[in-house]
Structure formats: C-alpha cells, structure tokens
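Each chain, written out:
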Amino acid sequence: MNFIRFITGSIKIILQGSKAYYAWLIFLLLLILWGGFGYFGQLSEGLIKTHMRDSVSWAFYIGNFTFLVGVAAAAILLVIPAYIYDWKPIKEIVIFGELLAVCAVIMSISFIVVDIGNPLRVWHMLPLIGTMNFPMSMLSWDFFVLNIYLLINLFVVTYLLYCIFFKKGYNSSLVLPLVLLSIPMAVSIHTVTAFLYNALPARPFWNSALLAPRFLASAFCSGPAILLILFQILRKTTQFEIKDEAIWKIAELMVYAMFIYLFFTIAELFKEFYSGTEHLLYWKYLLFGIGDNKEIVVYSWSSIIMGFIAFVLFLIPKTRKNFLTLNIGAVLIYASVYVEKGIALIIPGFTPDVLGQIYVYTPSMTEIRTAAMIFSLGFLLFTFLVKVAIAIVFEDYNIEVLNKKKAKLISEIKS
Amino acid sequence: MKKENSRRTFFKNISLATFSALALSGCDMKALKEFLQQNFRTLSKKEKDDIVKNLQVQYKETYGKEFHVSIEPAMEGVLFGYALDLSRCIGCRKCVYACVGENNQSRDPQIHWIQVLEMEKDKGIDLAHSNVHYNPDKVPEKGKSYFPVACQQCRNPQCTTVCPVKATWQEPDGIVVVDYNWCIGCRYCMAACPYGARHFNWGEPKVPSDEINTEMHYLGNRPRMKGVVEKCTFCIQRVRVGKYPSCVEICPVGARKFGNLLDPESEIRYILENKRVFVLKQELNTQPKFYYFFGI
C-alpha cells in the first residue's frame, strides 16, 4: 500500500514542474521520436542503414558504449575525494553519483543492443540458458561487470532513498561495504571495456598496454564534468549545500586526470612516431588523413582543441574559480572526450583495415538518430530519477507528509 | 538462490514477451521453435535431423527447388590444409566468383569471401599499398602481383576465442565454422580477425533462386539471414565428401592446392616438403593452415 502511494506520489512529482522543466521534457520527447523513427528503419532493414561495413565493422555505436561506460565509472569514483576531503554532503554525492551511474550503464547497454545484428538473440549469451563463452570472451566479462555494477548501484541508491522516504535510519553495515565495493567495480567496468579492444593482435592501434589507463584517465575528465554542472544546478534550485571549494576541488582533480591523459597520449604518440613502424598508419589516418581520405581529421582535431582549451581553463586558478569559464571548460572536456571515444578511438582501429584497404567511415543519419534516441531516453530517465531524489532528499517528500495529506483529505471528506 | 529465481522469472517473462510479440506479428510456431533453437553443438542427432528436414522444406517453399542440407561431420584422421602458389596467380578473380556461386553468398549487398589484393611488384608483399578494387581490361598487368586472401583457417583462431556465445568454433578437421542460427551479430570476431576473412550480412542477403546451389551443409553454404557473420569454410559441403573446394577447381592456372595435412602422400604435404612456404602475419601466432609459396 505504502509502495503504491510512493509510486503515485513519485509520478505526481515527475509530472509537476516549471515551464523550463516542461520545455526540457518536450525537447527530449521530440528527440526520442525523431531518433526512434530512425532506429525503426535500422530494425526493419538491418545495420545496412548505418555506414558500418566489413572494413569498419564497429563504429559510432560501440564508441558511444565505451564513452558511457566511462561516465558510469567516473560517477562513482567521485565518492573517493568526497570522502577523503570530507565534503559535507557525501550522502547526496553518493546518491546523485549512483543515479548517474545507473543511467549511464543502462544507456551503454542500450548501445550494445542497437549495435548487434540480432538483438532478439541476446539470450544466447545468458549463463545456463545460452552458451556464454566465459571466461574466454572479454564480452562475457563485460556482461558480468556491467550488470553487477548496475545492480549494486541500483540497490544502494534505492535503499538510501527508501530509508529517507520512510524516515528510517539506514543500515550502514549494509550500505558502506556496497559503496566500497562499487569503487573497484567502477574501475573494473572501464578496464574490462578497454580489454575488449586491447588484446586483439589484429588491431595494432588498440594493442597498447596504455589503453586501459588512458580509458580511466579520460573517464575521470568526462564523468565529473556532468556532476560538476549538476551540483551547481542542485545548489541553485534546492537546499543542496556544497561549498565552492568542493566544486573547485573536483575541477582540480579533473586537471590532474587531464594531465595524466595528456601524458599517456604523448607517451603513446612518441613511441609510434619515433619508431615509425607500419602501425603508424592508423595514427596518421586519425590525425592527418591518408591521401585524400581526410574525413576523420576534423573529428580528431576538434576533440584535441576542445580538450586543450578545457585543460588550460581548468589549469589556471583564476578561470577555474570563475563559474562561467569553469562551466565552459566542463562542457568542452565532456564534448572532447565524447568525440574521442565516439570516433577517434574506434575508427582508426579499423582504418586502414587488416588488409590495408581504406574504407572511409563517418556516422550515417540512422546512427546519429539512434544515438540521439538513446541519449534522450537516458536523460529523460536521469531527469525523472533526479527529480524524485531531490523531492525525497531536500523537499520533504516522505511518508509522514503523505500520511498527513491523507488524514487531511479524510477529515475534509468527513466534514 | 534468490538471484537464480529472479533470473528464471526474468527469462520466463522475456520468452513470454517474445512469444506474444511473435504471435502478434503473425508468425507461426515454426518461427518460435527456430527462435528457441539451441547452439548447434549442444543438439542431439535427432534434433539436428529435425532441423535439417524443416530447413529443406522451408528452402523449397522459398526457392522452389529440392535442397539437400547435410550435417556431415568431420572425417577421422583428416586435417585440411591449403596452399597458394603466388607466382602463378594472375589475379583473374575466377575463384572469387566461383566461391560466391558455390557458397550462396549474397549478390546484393555483395559479399565476397575471397579478396584478391593487387600489389606493386617492387614493393613486395605490402598490404598497406595493396588495392582490392583493381579493374584493368586485362590481367595480369605489368609490374603487378596478386595476393588472394580468404579465411586462413588458423590453428589458433582469435575469432572463436572472442565470440561471446560460442557461435563459431574449429571443427576436428580444422575448419572454422559459424552457427548462423546462434550468432548474435556482435561482430567481435570481425574485429579480432587479422585477415578480413569474416563478413557480415548488413542487409537481407539476396541470392537469385536460379543461381542458388542446392547442395548444402548446415555449417557452410546454406542461406544466411540478416545480421549474422559468415566466412570461408573450405567448401565444407564439398570437402567432407571428398571433393576439392570450388576455388581450387576453378583456378585456371592451378595456383590453388588443397589436401589432408595428416596424409603423408597428399599434395599439400608434398608442397610443405618441397617448397618453402610462409603464412600471412606469422608474427600474430594465429598459425594458419593456409600456406603461400612461390612455385616457379
């Protein structure tokens, strides 16, 4: 009974909001429709609606998947500094970080589902029912770590919100170990995803031990960028209190991550360019194009330039502590990592292909629309979850209030 | 234990949902049966026979011809090997199209299991400067050499290792095959293959019914569906009944050799014994059973 009231109450909360909130919802719904019709075309005609072909057999979808795994991982890793530096609202940071992680994992799994040729056959991969190739296939590892990560985060955040809603104290001997477990799990989801590409001798572009460390470093740039902006919005619109210092600290940690990422990348580039083996071809294709095939160069350089500007903005204390430049930097680094993971990581792995042929890939309209559908569905889910969480955590949406309302209603009816 | 239960109920719900989806879309029990069909390697002899019988009926309905779908297993004491004489190959691509016809590869979108690379003679064997889309009036061209590549039938195949569902494996006679009904289409194997040997059905494959080869093997040239991976099987439908692969038969210059690596009297063993052979991308330790050599 209480649960039904919780659900109806939550639906009410989701449906009520300012004009800006409705505009945001309508914007997302339109994007979902536009993207959904694109995806429908792919469902009926096959992946031929994408620009992927035998030469470039993975592309934008799998890149988006990789990016979102990074976001999911970084959302939880922010708990470490929150704990070490003793930012006051650690419980809130855990809650919103986990909500972001849950949505990002769901979105990343969705990108896998739209990428595979026979989505209805996914059950072939399930243990016991199907014939999962565990432990040999890295994809089976990814299946486990992503799902466990999703379940842990979903459980912890639901449990915490449930306790606040019912005004119960939460059992910290249950929550703490799970939060602590979710931290190495966050590292492992991104590491396993890197290993997916890493150990394929057929693809020299990925076959570098630095791939997983670079993944983690770049995730530490993009994931906190979202939370940085979210925390500012929450601070303005709710009673959520987070000191400026904490936000600047997040930015400072992001600078370290960017620096490490830069260092790893330079180490990789030095090795490739100085040794100058035939493996250089992939980097050449990414950065300068090969012959007339320069279509991907604009992606790689836009990512580099955006990332570099963000690095400078975050590095200089003055611009880091100015919220306008800070937010510009956060958006830029997010976009930079998105392009890097979405295009610059995957495409050069396949171009030139294993037989030295160049097939020029850029995403098709169907791919862009399908990605827009998944992102707007993910944002919609995140918006709803955050809205309910805000109501529970900051706006006194709890069982007592519901009971009072009920009592009031009954007395009104009686009188 | 609880988790187990929830997974079961989850699966039950999923199958129920799928069932109703299939029912709604007007599909019959056959489609459902096909959907619930298990991995080929876990099926019993009877189940396999049933499936084959159904397929023959289904293909007859689609193409209007009598079909024979074989599930002939590997012969004992046989390990197939292939050798290609690069000094003889003239780049005519007859093998490519013989393979397309024999193995029912889709004509539109076009799928070729064999890729012939045109190379500059003065660059040696150099993939980075090779061209698969060469189109002169006459082959061979002066200054060019030709390098056909198909599945190298590795002893240590990466593609089967990475498959998340065990839909592709190496048979006892060394042929790497795909269960088209089990492949989920994730294309991890394509990322892992160093030879570009795996091909994906990006759209609905089309083979004209007057050109379709009715002599089929379940793990080989039977019609594929949209969204699955396919590859060279050394013409499994032919070699398991003692015939040569069709590319070997068609080659006008006799550049292609095939045989049993375990038979000391075979032609392939003669080549290994008397010619110096090499394998493509030896440094990757895939250990192909496809050898290249220069016979003249």
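Residues numbered from 1 in each chain as written. Chains lettered and ligands numbered in written order. Predicted model: local features only at pLDDT ≥ 70, side-chain atom pairs only at ≥ 80, totals over all residues.

1. Overview of the overall build of chain A
Phase 1 of the analysis: Helix and strand counts for chain A stand at 16 helices and 0 strands.
Phase 2 of the analysis: In terms of C-alpha radius of gyration, chain A reaches 23 Å, essentially the compact-globule figure of 22 Å for 415 residues.
Phase 3 of the analysis: Counting only C-alpha atoms, chain A reaches 85 × 55 × 40 Å along its principal axes.
Phase 4 of the analysis: Across the 415 residues in chain A, those meeting the buried criterion constitute 45%. (Helix = DSSP H or I, 4+ residues; strand = E, 2+ residues; numbered from the N terminus. Rg over C-alpha atoms; globule rule 2.2 N^0.38 Å. Buried ≥ 20, exposed ≤ 12 C-beta atoms within 10 Å, placed from the backbone.)

2. Remarks on the overall build of chain B
Phase 1 of the analysis: When helices and strands are tallied, chain B shows 9 helices and 12 strands.
Phase 2 of the analysis: Relative to the compact-globule value of 19 Å for 296 residues, chain B shows a C-alpha radius of gyration of 21 Å, a close match.
Phase 3 of the analysis: By the burial criterion, 41% of the 296 residues in chain B qualify as buried.
Phase 4 of the analysis: Of the contacts made within chain B by residues no fewer than 6 positions apart, 65% connect residues no fewer than 24 positions apart. (Contact = placed C-beta atoms within 7 Å.)

3. Considering the interface of chain B and chain A
Phase 1 of the analysis: In this complex, chain B contributes 43 residues to the contact, which on the side of chain A involves 39 residues.
Phase 2 of the analysis: Of all the secondary structure elements, the ones that give two or more residues to the side of chain B that touches chain A are helix 1 (2-24), strand 3 (115-120), helix 5 (158-162), helix 6 (188-192) and strand 7 (199-200) of chain B.
Phase 3 of the analysis: Sort the elements by how many residues they give to the side of chain B that touches chain A and helix 6 of chain B lands first, with 4 residues.
Phase 4 of the analysis: Tallied by class, residues from the side of chain B that touches chain A come to 27 nonpolar, 12 polar and 4 charged. (Nonpolar A, V, L, I, M, F, W, Y, C, P; charged D, E, K, R; others polar.)

4. A short note on the sheet that holds strand 12 (residues 290-293) of chain B
Residues and elements named next belong to chain B.
Phase 1 of the analysis: Strand order across the open sheet formed by 4 strands is 10-2-12-11, with mixed pairing between neighbours. Edge positions in the sheet fall to strand 10 (256-260) and strand 11 (277-278), since each has one partner strand and no second.
Phase 2 of the analysis: Pairing analysis gives 5 bridges linking strand 2 (residues 80-85) to strand 10, with the strands arranged antiparallel. Among the inter-strand pairings, F80 is bridged to a residue of strand 10, identified as N260.
Phase 3 of the analysis: Running over the sheet, helix 9 (residues 267-274) touches strand 2, strand 10, strand 11 and strand 12 and is turned about 110 degrees from strand 10. (Pairing = 2+ DSSP bridges. Axes fitted to C-alpha atoms, helices over the stretch in contact; angles between N-to-C directions.)

5. Some points on the packing of helix 6 (residues 138-165) of chain A against helix 7 (residues 172-198) of chain A
Residues and elements named next belong to chain A.
Phase 1 of the analysis: Across the interface, helix 6 lies against helix 7 with an axial gap of 9 Å and an inter-helix angle of 150 degrees. Taken together, the axis directions place helix 6 and helix 7 in an arrangement best described as roughly antiparallel. Crossing of helix 6 against helix 7: the hand is left-handed. (Parallel < 35°, antiparallel > 145°, perpendicular 65-115°, else oblique. Left-handed = near helix turned anticlockwise from the far one by under 90°.)

6. Quick look at the pairing of strand 4 (residues 144-149) of chain B
Residue and element names in this part refer to chain B.
Phase 1 of the analysis: The element strand 4 is extensively covered by neighbouring structure, given that 5 of its 6 residues are classed as buried.
Phase 2 of the analysis: Bridge count for strand 3 against strand 4 is 6 bridges, and the pairing is antiparallel. Paired with Q115 across the two strands is V149, which belongs to strand 4.

7. Examining the confidence of the model for chain B
Phase 1 of the analysis: The share of residues in chain B with pLDDT of 70 or more is 91%, and the mean pLDDT across the chain is 93.
Phase 2 of the analysis: Interface confidence for the predicted complex, given as ipTM, is 0.93, next to a pTM of 0.93. (pLDDT = per-residue confidence, 0-100.)

8. Structural notes on unusual backbone geometry
Phase 1 of the analysis: Following A:F134, the chain continues to A:P135 via a peptide bond in cis, the omega torsion being 5 degrees.
Phase 2 of the analysis: With respect to the helices and strands, A:P135 occurs in the loop between helix 5 (90-115) and helix 6.
Phase 3 of the analysis: Cis geometry is adopted by the peptide bond preceding A:P352, which originates at A:T351 and carries an omega value of -5 degrees.
Phase 4 of the analysis: Positive phi, normally seen in glycine, also occurs at B:N104, with a value near 55 degrees.
Phase 5 of the analysis: Following the sequence through the fold, B:N104 ends up in the loop between helix 4 (94-102) and strand 3.

9. Remarks on the environment of A:S108
All names here are of chain A.
Phase 1 of the analysis: Examined against the element boundaries, S108 turns out to sit in helix 5.
Phase 2 of the analysis: Among the residues examined, S108 registers 25 C-beta atoms within 10 Å and is labelled buried.
Phase 3 of the analysis: Taking C-alpha positions, S108 is 7.1 Å from N64, a pair spaced 44 residues apart along the chain.
Phase 4 of the analysis: Filtering out sequence-adjacent residues up to four positions away, S108 remains in contact with F65, L68, V69 and A72.

10. Observations regarding helix 3 (residues 60-77) of chain A
Phase 1 of the analysis: Across its 18 residues, helix 3 of chain A extends 26 Å between first and last C-alpha, which sits within 8% of the 26 Å expected from 1.5 Å per residue.
Phase 2 of the analysis: With 18 of 18 residues buried, helix 3 of chain A lies mostly within the body of the structure. (Expected span 1.5 Å × (residues − 1).)

11. Digging into the environment of A:I7
Residues and elements named next belong to chain A.
Phase 1 of the analysis: Along the chain, I7 turns up in helix 1 (residues 2-15).
Phase 2 of the analysis: Residue I7 is classed as exposed on the basis of its C-beta count, with 10 C-beta atoms lying within 10 Å.
Phase 3 of the analysis: Separated by 33 residues in the primary sequence, I7 and F40 place their C-alpha atoms 31 Å from one another.

12. Comments concerning the environment of A:R214
Residue and element names in this part refer to chain A.
Phase 1 of the analysis: Relative to the helices and strands, R214 is located in helix 8 (residues 211-237).
Phase 2 of the analysis: When the 20 C-beta atoms within 10 Å are taken as the criterion, R214 is described as buried.
Phase 3 of the analysis: Not counting residues up to four positions away in its chain, the partners in contact with R214 are Y261, F264 and T265.

13. A word on helix 5 of chain A
Phase 1 of the analysis: For helix 5 of chain A, which comprises 26 residues, the first-to-last C-alpha distance of 37 Å matches the rise-based estimate of 38 Å (1.5 Å per residue) to within 8%.
Phase 2 of the analysis: Among the 26 residues in helix 5 of chain A, 20 count as buried, and that is most of the element.

14. Concerning the packing of helix 5 of chain A against helix 6 of chain A
For any two helices packed against each other, one specifies the inter-axial angle together with the distance between the axes.
Residue and element names in this part refer to chain A.
Phase 1 of the analysis: At a minimum axis distance of 9 Å, the contact between helix 5 and helix 6 shows a crossing angle of 145 degrees. Taken as a pair, helix 5 and helix 6 cross one another with a handedness that is left-handed. Two secondary-structure elements touch here, helix 5 through I95, E98, L99, A101, V102, V105 and I109 and helix 6 through L146, Y149, L150, N153, L154, V156, V157, L160 and L161.
Phase 2 of the analysis: By residue class, the composition of the contact of helix 5 with helix 6 is 14 nonpolar, 1 polar and 1 charged.

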